[in-house]
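Chain residues, written in single-letter form:
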Amino acid sequence: MPYRRLPKTDTARLKALKTVLDNNAIYTVRNRFIDWQTLNRAQPAYDRLLTATEQYRLTLATQVRNSKKIERYHRTALMYVSHFIQVLFMSVERGEIKKQMLPLYGFSEESMTLPKLNTPENLLEWGQKIAEGEKQRIKNGGRPVYNPSIGMVSTHYDIFREIYEQQKQLQERTKRAQAAVEKLRPEVDEILLSLWNQIEKHYENEPAEVRFNKCRELGVVYYYRRHEPHEL
């Protein structure tokens with residue numbers, strides 16, 4: 001015997017609601033067996049869920065597209081920041097820049113180790129540090145580091161920072177859109193449960209084959225247990 005189960009996805013929820021709403025002639029014109037209170041809740045719930053899921057889909061698609069751009073700009077900014085630091089360290093080793101200047105960039109005088117730049121947050125942190133340190137050293141009379149210059153580094157750093165901040169905003173929008181969908185699900189499930197209960201109640205005295213087919217016409221979803229024959 002098949003068993004009934006409420007939808008697990010938003011697409012299935014929308015389909016189940018739409019099936020009921022599109023077949024209103026069956027339960028209103030011929031013989032009204034679904035109460036108006038439930039029906040009056042069903043249409044607005046369908047509209048709200050449809051709008052919310054579409055908004056979530058659009059915001060998520062925009063976030064995914066932007067994430068692909070981030071990877072490219074992240075690699076470029078990472079290359080310039082790491083190359084600048086390496087050139088800075090070599091300048092110190094050659095004696096062109098005094099070790100005492102390294103703290104301006106956030107480094108220790110005793111240890112010249114390339115910092116971890118693998119995450120966007122680390123890259124943004126160190127990119128800002130070396131830009132501020134280089135500007136301060138030049139302001140104090142030091143000669144600029146070249147190939148790459150801090151201007152070139154800052155250009156690619158700023159591009160990456162801007163698109164990364166956009167991505168964070170898009171992630172927040174996607175999160176809010178997802179939360180809006182999740183908030184609607186309990187109400188939609190409650191409405192579907194009420195609709196399906198009333199539909200099954202109306203056909204409860206029909207033979208099993210007729211009952212299940214009539215209920216399916218109005219969107220009730222049935223599942224078969226494993227190895228159960230699909231006769232109904």
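Residues numbered from 1 in each chain as written. Predicted model: local features only at pLDDT ≥ 70, side-chain atom pairs only at ≥ 80, totals over all residues. Heavy atoms only, no water.

A. Up close: the overall build of the protein. From N to C terminus, the protein includes six helices and two strands. Reading the protein from its N end, one meets helices and strands in the order β-α-α-α-α-α-α-β. For 232 residues, the compact-globule estimate of 2.2 N^0.38 gives 17 Å, and the protein exceeds it by more than 25% at 31 Å. Structurally, the protein occupies a C-alpha span of about 95 × 40 × 25 Å along its principal axes. Scored against the burial criterion, the 232 residues of the protein give a buried share of 36%. The contacts of the protein with a sequence gap of at least 6 include a subset with a gap of at least 24, amounting to 72%. Surface exposure of the protein reaches about 14200 Å², of which carbon and sulfur atoms provide 50%. Side-chain charges of the protein comprise 38 positive and 29 negative groups, with the mean position of each set lying 2 Å from the other. (Helix = DSSP H or I, 4+ residues; strand = E, 2+ residues; numbered from the N terminus. Rg over C-alpha atoms; globule rule 2.2 N^0.38 Å. Buried < 20%, exposed > 50% of the residue type's maximum accessible area, 1.4 Å probe, protein only. Contact = heavy atoms within 4.5 Å. Areas by Shrake-Rupley, 256 points an atom, 1.4 Å probe, with all protein chains shown as cover. Lys, Arg positive; Asp, Glu negative; His and termini not counted. Charge placed at Lys NZ, Arg CZ, Asp CG, Glu CD.)

B. Region of interest: helix 1 (residues 10-22). Taking 1.5 Å of rise per residue, 13 residues should cover 18 Å, and helix 1 covers 18 Å from first to last C-alpha, within 8% of that figure. Within the span of helix 1, buried status applies to D10, R13, L14, A16, L17, V20 and L21. End-on view of helix 1: buried residues confined to an arc of 165 degrees, all on one side of the axis. Turned more than 90 degrees away from the buried face of helix 1, the exposed residues are T11 and K15. (Expected span 1.5 Å × (residues − 1). Arc of directions from axis to C-beta.)

C. Main features of the packing of helix 1 against helix 5 (residues 150-202). Running from N to C, helix 1 and helix 5 point in directions that differ by 40 degrees, and their axes come no closer than 10 Å. When the axis of helix 1 is compared with that of helix 5, the two are oblique. Here the hand of the crossing between helix 1 and helix 5 comes out left-handed. Of the residues in helix 5, those touching helix 1 at D10, R13, A16, L17 and V20 are V181, R185, V188, D189, I191, L192, L195, W196 and I199. Split by residue class, the contact of helix 1 with helix 5 holds ten nonpolar, no polar and four charged. (Axes fitted to C-alpha atoms, helices over the stretch in contact; angles between N-to-C directions. Parallel < 35°, antiparallel > 145°, perpendicular 65-115°, else oblique. Left-handed = near helix turned anticlockwise from the far one by under 90°. Nonpolar A, V, L, I, M, F, W, Y, C, P; charged D, E, K, R; others polar.)

Geometric descriptors of this kind do not, in isolation, establish any biological role.
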